[in-house]
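Listed below, chain by chain, are the residues.
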Amino acid sequence: MEHDPRRYRTPLWVDWCPGCGNYGILQAVTETLAELGLPPEKTAIVSGIGCSGKTPHYVYANGVHTLHGRAIPYATGIKLARPELTVIVEGGDGDLLGIGAGHFVALGRRNIDLTVILHNNQVYGLTKGQASPTLPYGVKTKSLPKPNIQDMINPLALAIASGYTFVARSYALDIKHLKSVLKEAIRHRGAAFIDVLQPCVTYNNVYTVHFYRKALYRIEDEEPDWDPIVRSPDEETEKKAAALARAQEWGRRIPLGIFYVNKTRSPFEHRIAARNPLYAEHPPANRLSREPQQQPPYTIEEVMSIFKDRLVKVKTRNARRSGIPSSRDRSPEES
Amino acid sequence: MEHDPRRYRTPLWVDWCPGCGNYGILQAVTETLAELGLPPEKTAIVSGIGCSGKTPHYVYANGVHTLHGRAIPYATGIKLARPELTVIVEGGDGDLLGIGAGHFVALGRRNIDLTVILHNNQVYGLTKGQASPTLPYGVKTKSLPKPNIQDMINPLALAIASGYTFVARSYALDIKHLKSVLKEAIRHRGAAFIDVLQPCVTYNNVYTVHFYRKALYRIEDEEPDWDPIVRSPDEETEKKAAALARAQEWGRRIPLGIFYVNKTRSPFEHRIAARNPLYAEHPPANRLSREPQQQPPYTIEEVMSIFKDRLVKVKTRNARRSGIPSSRDRSPEES
Amino acid sequence: MSMDKPPPPLMALIGGPQGAGLETSAQVLTVAYATLGYRVLASREYHSNIIGRHSYILLGVDPARVPRGHRYPVDVASFMDAESVFTHYKDVDRGSIVFYDSDVDNVSLERIVSMETETKRRLRRELEELGVEPTVVGVTKYMKSMGVEVVGFSYRGLLSSLRREYGIGYAEARRYISMVVAASVAKLTGLSLEELEEGLRYRFRSRPALVERNMAVARRVYSHLGNVAQIALPEPQEPPDHYMVMTGNEAVAIGKAVAGVGLQAYYPITPAQDESFYMEAHEDQTGIVVFQAEDELAAIAVATGAALTGARAATATSGPGFDLMIEGVGWACINEAPVAVTLYQRGGPSTGLPTRGSQEDLLDAAFAGHGECPRIVVASWSHEEALTDAVEAQNLAEEYQIPVIHLLDKFLANSVATLPPPMTTSFQIRRGSIEPRPGSDYRRFALPGPVSPRAFIGDAVMWYTGDEHDEYGHITEEPETRIAMVKKRFAKLDEAARNIPEEGVRLHLYPEDADPSGLDMLIHSWGTAARVTAEAVDMLRRRGLRAALVRVHYFSPYPSRLLSSIAAEAHQAGARLVNVEHNYTAQAAKIAAMKSGVVFDTHVLKYTGRPIYIDELVEALMAIHEKGLKEVHLGHGA
Amino acid sequence: MSMDKPPPPLMALIGGPQGAGLETSAQVLTVAYATLGYRVLASREYHSNIIGRHSYILLGVDPARVPRGHRYPVDVASFMDAESVFTHYKDVDRGSIVFYDSDVDNVSLERIVSMETETKRRLRRELEELGVEPTVVGVTKYMKSMGVEVVGFSYRGLLSSLRREYGIGYAEARRYISMVVAASVAKLTGLSLEELEEGLRYRFRSRPALVERNMAVARRVYSHLGNVAQIALPEPQEPPDHYMVMTGNEAVAIGKAVAGVGLQAYYPITPAQDESFYMEAHEDQTGIVVFQAEDELAAIAVATGAALTGARAATATSGPGFDLMIEGVGWACINEAPVAVTLYQRGGPSTGLPTRGSQEDLLDAAFAGHGECPRIVVASWSHEEALTDAVEAQNLAEEYQIPVIHLLDKFLANSVATLPPPMTTSFQIRRGSIEPRPGSDYRRFALPGPVSPRAFIGDAVMWYTGDEHDEYGHITEEPETRIAMVKKRFAKLDEAARNIPEEGVRLHLYPEDADPSGLDMLIHSWGTAARVTAEAVDMLRRRGLRAALVRVHYFSPYPSRLLSSIAAEAHQAGARLVNVEHNYTAQAAKIAAMKSGVVFDTHVLKYTGRPIYIDELVEALMAIHEKGLKEVHLGHGA
Ligand SMILES: Cc1ncc(C[n+]2csc(CCOP(=O)(O)OP(=O)(O)O)c2C)c(N)n1
Ligand SMILES: Cc1ncc(C[n+]2csc(CCOP(=O)(O)OP(=O)(O)O)c2C)c(N)n1
Ligand code: SF4
Ligand code: SF4
Ligand SMILES: [Mg+2]
Ligand SMILES: [Mg+2]
């Protein structure tokens, strides 16, 4: 494995608008993959639909550009079937928190080992700049005919309430910060979420580079002994509350950093393994071999044994009369 | 209008299991409608699919039994089209927080004046007792082959994070408490949410009447000066944090009561009215008359005026040459 | 029994309120018959609620083969409650035996609160027309007057002695009612107590104490029925050593295990859910990951994601869930992802009749989804085929890298049949073209296709997108590539059509050796309706009518050529072309017209959610033959 | 121009990168022509990205009627950049005039980064075969050699003088390129500066300062082109006083306003979204509530909920969104809720070609959804009809209490046409049966139907459920009621079929007075493909081929009777039956076979996402006529 970041870029022309914040996220992602030395074939970038949704095509790793809102379930299937993979979800704010909000919430509940990167530009970029669920009430971007009449979703609060065990915020143009958070997120075993503030130069003239330059600060700069990590279950309530309180801040000042990490909850893959003893060694992707033609995994006897709860031994009246041992002696449960 | 609670029950046989908590919720709802004197024809009960989904059929008021997970959007359409109505959503935990979680979150963002009652029995009742999103990790009800491997969603935290402006919890068998909370919720102008703990006698042998009898307490009993109401915007962060902290409690002790009320955010209907001057007087339901045959709402001149941004006055070369006044004198914007 | 009383030779009906143990009764009986070597088909009708509404099970018992359907009147009926008596009084006739609770004799129709208003209204009208008093005793009298043997038994008497004897409460005692019902049917069909006990020991294999108590109940029933004439069952023919007694849901679950499925993602919905529950219950032995998704949008996505890594992946649902999956089916289609959807049809539209059956989703399965999405559509007609098709669905999905819709219905899903254990040696796992060593220039969608060698995420690097794409999987809008990719995707169906024979695979003629040019009637059908039709064909033939069934098994790739040649031959010979389906719009006939130009313009249709019964079907077909009717709508079944 | 060079008499093409102002150019030109009284059809092709990929617009200008399609070669082409030159060099021919940026002369094909790899590969191959150097200058030389007049203009020169003059930056100066393009086409087609200015003043009516600056640019272009020969446009015929210059999206939006729609719920998706945006922009004047839902599952539910209160309610989407709506369509169906879905077809399957057009969603619109769900399906073929059908969709939805799917496509949605303002006096609002004074025993689903008098939530008490239900809307599973309700719902289509004439409404014959028994060729088509076909029919007739078009307007209720009688007559007279569609599987022909037994077995198909062009269609039809081809796939268009 070379650790050359260019190795993680495909030669495709990137068709985002010049100046788009997505370029920063793309750079941070490819450099992080390189620095972590993640083999491209063991890595999958899964996206929904939107400007952000095109990211996988620009990364030299497995790329799965799915349906609007459904990146998380596709990523779930990939990860559960082949738990050795590093799976990263990239989605827009409309994609993950609008049409995909149900899946976003469900992932929190499961704590699957995925890293979810929110390209948060407060608009539906690809469909020409409508308000997304993260645009605050009363804001009018240049793409809107009138000010937004919906309140904003706070992605961090929603992630914490949903059960994500790693919750952070970074900024598309602060590549160093984004990379460091991203590394932590990928290393974290469980559902990790990063809210990445991403300027959209074409439609969002409110949350601009200029705006963010003034508003952003790092939590640690304000609260030097900030420790978001839950190390034992009894710390959970308090740390969650602190994280939620900090997450409320949105306006003239916007905090960046890691808000909440819970290391006490087991990732879903472990939970499956605990109840499915074959999972660890034979995850779904490896249940069959790569041979084009093969035998079924079970013999007829194995089928009869596995599904013995449906097995009935026949003992006809003739047999009974002729004194052949009653099936009582070999009940299904014993066979 | 008679205020006789029986007036709000239909003569149908209720086909819930004997002992089901839903009977309590049904009683509380019908009595509340009676006590508030809400005219049945001006009231709509909207449900999803599940045992809980059958509620509308038992209430003598408009009943709309919709699709699994979609009660909130149907209720939204009804309310926006006819804002004078009182619209109540009843849904199961699978319905509202599983398949319908995206709509649940979206309603918070909009603060539409709906009252959402969660029939929280921690299982998918109608489909025979699978774990719902509110069943805690590790719990095994009698309907499950193995303990639950998903974490629970905290409905209160999710509602608060999503932006609901009235958030409470009550208990299906404490009809007095439920009625009092329900009245507040209906009176509240904005998105109101009540998590109603509802024993399912058939599938859930963990969260039983017996369990709840011991675990439930009222917030005010523990914290007599509990005041969940945000009366000015600057109280919001603090009250929200307090509500979220209290909402975390789930286990041997479970709080009931009103967790959070925000009176400073305007309901969606007002926001529409603010940008659509015809809304208050001519909401969608009243734009046409009840006449089977009628004229279109606009004359040709009105169409030309409303859509004048697409109007072009023809001025042929002949006309130009013959000196007829140039269309410059009557540009579309002036017409 | 009249000469042409159709097989199966024994038909029993047991009825009672939902949640009162009817399934236990049926299981005990089914296993008892199976242990003796009989083939059984047991089908359940139930309401979409949990407890209290009326429910009933029809059991067909046959010495030679699994019954292909049910018929009325039944030979034996055993009822738990008054509602059952009212509901089924017309399902018995001269020679039938009815067993019921004599304590409810005085219950009137009006007092049955759990009965639907509409049903009550219909029954009130019927009884009035017959001049029958609307009470249980009135109805039993009527039955007797029709030649039915009616036997009462005091359930209350039994219950109070059980409460005394075991020191148990009323609710617990009531659980033994299911045994009363089972024992009554067993006794009336000639099973010895010991033979009945086989069923009980299967049922309560983990709680042997219950066997004893239930046997005590059975003995009470047996002695009460000591003098009643029994219905004699012919000896079973060549029974196997073992049966597997399974529902259609379970047959599919076992098929998926045999096929090597690694992950099943689902969201619960009637009547699909039991398949996933059954898989989940065996997770620790099969290793299959059974994943309960948050909705069906997610279920298909999770399954498809898994498929991209090389897992065999599946999902199962019914109509409403399929609606939500269809965008995902389109994604799988353009991405040539092998994913199999098991679609159990129930009564629609919308929530419709959620616990009743239908064949209403065929056009949906074939054409839903925007854009043009080639897919394979296969419809099973029996439990055995449900299992083999579940295996084949996985094979076809991987061989052609295409979504496969496996159509079943509630009738199959929720009915229990006795099958020989699946001969796994006769199954093959065919994974299609796999790239053994994908290089760094691997092209997932290498042209011209139709099947590009597959590599898996985790073994190589590749791209997938719902957009039209180039060979690598990167988005393109170039017209030339677009044309090539559309053709590549549709060529899969052409190739499948070349490889999968029409005769005997995509299309079945029954009897197999029927000569289309010597027919009075060619009947077109599919799925469980076709299976009942096969039975009807036998009966019509016994009556001298030269009938044959043409059964469509694959709706895509469609057996156009063979169907049109058979139909043309039959038509030319003057045969009537008749279509039998469980829907209102004759969907399979529409596809026949569309895909092979064959017009079946005489229809037997049913859409009440209850199965098509052999007797009503035979009657309809005879009426068509004799009176030239063009359309008959069936309605039997409570 | 050759004798049979088809109308429209003027065809212009303008090309450049997305986001560079091409739509401004087109709007300025369209309004300028319209002001003079010409009819215009302007169609845009663009990629699914925001900025930078190649995009182009075809403008057809006609003195007598709105062009029914576009054709190649174009008469005038004006290009913003080098990519356009490469992309369109084959779209011009002898007699055409090309205007381009002479500063890009040395740009080579390889340097165009925004061009798709596949397209570049194709062009490289083409140029190599022609022996043309792959640079702009090489290509312009080639064009000249073919008899094209090629005029270069230094954009850089213009831009630097603008920057100097106005003290503006490079990016701002570049915005004036759109004016260069507009002015070049205007000048080459004989518009005076003053005439061009009409378009500019419309475009910048709220920013008059921009008009002046743009006119300065126009003057530079005009003077540069002083000597180039112009294409003369015939005088416009009987122009109206006003045109409304609108897209198909806007036509539907205006239609909905005229129909009295009260609420439109939508979720943004190409190419549907502009309809809702346009409605939203006029919300304060119409009072229509335009509601941006969180997804399409919600959009249809919100619209349906609104409909239950008596509002006229609508939604608009394209394929992927329709997939998500289909469960809601089923709910509306069983609840007899009037809801109209405007479905704009784009290239599929899945995300497919999201900004390109198709006719791929017909079978989906007709058959998607589980269970059996009667619906009305109507497909518009022109802007004018898009508007009237939008009104009619609302009327039919309420008259029959049924969901209506209004099918359009991206070609119609995103193209601009000049229409007379809609004569609202010719429209009628028909709300169907309304219960004036619903009592306390009101039955929303009173039998026998098919249309029960409607009351609204807020005026009375009623129940709705997705389950099968009784007359009150309460759940029932009683077979008799089930049968009555299924029949009630389907009787709506029978009634609609009785009331809506086949001739001239559900089906159109073109020319209207064509005699089916005197034809060489009967061509079956629908939607925008049919509109292009009408143009082709005129041309074929001019060439002496007796052709006629049969255009299906309503796919449900289907004009079975009339279609089969016309087809039979034509067939008998020896006419060839040909089908023209913008899809791969000939969907409308499949429906014709299914619903009227008519087999169109010769097909002209296109599925590249680009519109069917008049010239390629005429050529294909001639080839079919002359060589007896059975299937022609069209591929023209960059
Ligand atoms: C089912 C469905 N509905 C709608 C769309 C249209 N659509 C494409 S991208 C998009 C929104 C993109 O917004 P966001 O997720 O914020 O991504 P961004 O473009 O801002 O990165 C929408 C609505 C779609 N592709 N599929
Ligand atoms: C699209 C769809 N998927 C699945 C179902 C099946 N279904 C009906 S009710 C239900 C879950 C009910 O659980 P919950 O919402 O908690 O309600 P409860 O029965 O517990 O009141 C499900 C999965 C459905 N009706 N529609
Ligand atoms: S529209 Fe916005 S988000 Fe999309 S590519 Fe352009 S700048 Fe980026
Ligand atoms: S299954 Fe549970 S929730 Fe449903 S009716 Fe029975 S007790 Fe109530
Ligand atoms: Mg966005
Ligand atoms: Mg529940």
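All chains use their own residue numbering, which begins from 1 and follows the written sequence. Each chain is given a letter, starting from A, and each ligand a number, starting from 1, according to the order in which they appear as written. Where totals are concerned, whole chains, interfaces and linings use all residues; where local detail is concerned, this predicted model gives features only for residues with pLDDT of at least 70, and gives and counts side-chain atom pairs only at 80 or more. Side-chain measures here rest on the full set of heavy atoms in the structure, leaving out hydrogens and waters.

1. Examining helix α5 (residues 101-110) of chain B
All names here are of chain B.
Part 1 of the reasoning: Of all the ten residues making up α5, ten are buried; the element is thus mostly covered by neighbouring parts of the structure.
Part 2 of the reasoning: Along α5, the positions that sit buried rather than exposed are A101, G102, H103, F104, V105, A106, L107, G108, R109 and R110.
Part 3 of the reasoning: Once α5 ends, the next one or two residues include N111, with phi positive near 55 degrees. Categorising residues by exposure relies on relative accessible area from a 1.4 Å probe, with only protein chains included: less than 20% of the type maximum marks a residue as buried, more than 50% marks it as exposed, and the intermediate range marks it as partly exposed. Counting from the N terminus, the helices are the DSSP runs of H or I reaching at least four residues and the strands are the DSSP runs of E reaching at least two.

2. Quick word on the interface of chain D and chain A
Part 1 of the reasoning: Opposite the 25 residues of chain D that make contact, chain A presents 26 residues.
Part 2 of the reasoning: Here's the idea: put two parts together, see how much 1.4 Å probe accessible area each one loses, and the total over both is what we call buried area. Of the roughly 1900 Å² buried between chain D and chain A on both sides combined, carbon and sulfur atoms contribute 56%.
Part 3 of the reasoning: By the criterion of area lost to chain A, the three top residues of chain D are I50, Y267 and Q292 of chain D, representing 29% of everything that side buries.
Part 4 of the reasoning: Salt bridges are defined as contacts in which a side-chain nitrogen from Lys or Arg sits within 4 Å of a carboxyl oxygen from Asp or Glu. Linking chain D with chain A are three salt bridges. Any two residues whose heavy atoms approach within 4.5 Å are treated as being in contact.

3. Comments concerning the domain arrangement of chain A
Part 1 of the reasoning: In terms of domains, chain A is made up of domain 1 (5-273) and domain 2 (291-335).
Part 2 of the reasoning: Note: domain ranges come from an automatic or database domain assignment. Taking only C-alpha atoms, the centre of domain 1 of chain A and the centre of domain 2 of chain A are 53 Å apart.

4. Section: the pattern of salt bridges
Part 1 of the reasoning: Going through the model one piece at a time under the given rule, you end up with 142 salt bridges over all chains.
Part 2 of the reasoning: For K240 of chain A, the salt bridge is made with E236 of chain A, and the minimal N-O distance between the two is 3.6 Å. With a gap of four residues between them, K240 of chain A and E236 of chain A both fall in helix α10 (residues 236-247), about one helical turn apart. The two residues K240 of chain A and E236 of chain A agree in class, both being buried.
Part 3 of the reasoning: The residue K183 of chain B makes a salt bridge to E35 of chain B at a minimum N-O spacing of 2.5 Å. Residue K183 of chain B is located in helix α7 (residues 175-187), and its partner E35 of chain B is located in helix α1 (residues 22-36); the two are separated by 148 residues in the primary sequence.
Part 4 of the reasoning: According to the relative accessible area criterion, K183 of chain B is buried, its value standing at 18%.
Part 5 of the reasoning: Given the relative accessible area of 42%, E35 of chain B is considered partly exposed.
Part 6 of the reasoning: Three or more residues are tied together by salt bridges with common partners; here these are K42, R82, E84 and R290 of chain A together with D459 of chain C.

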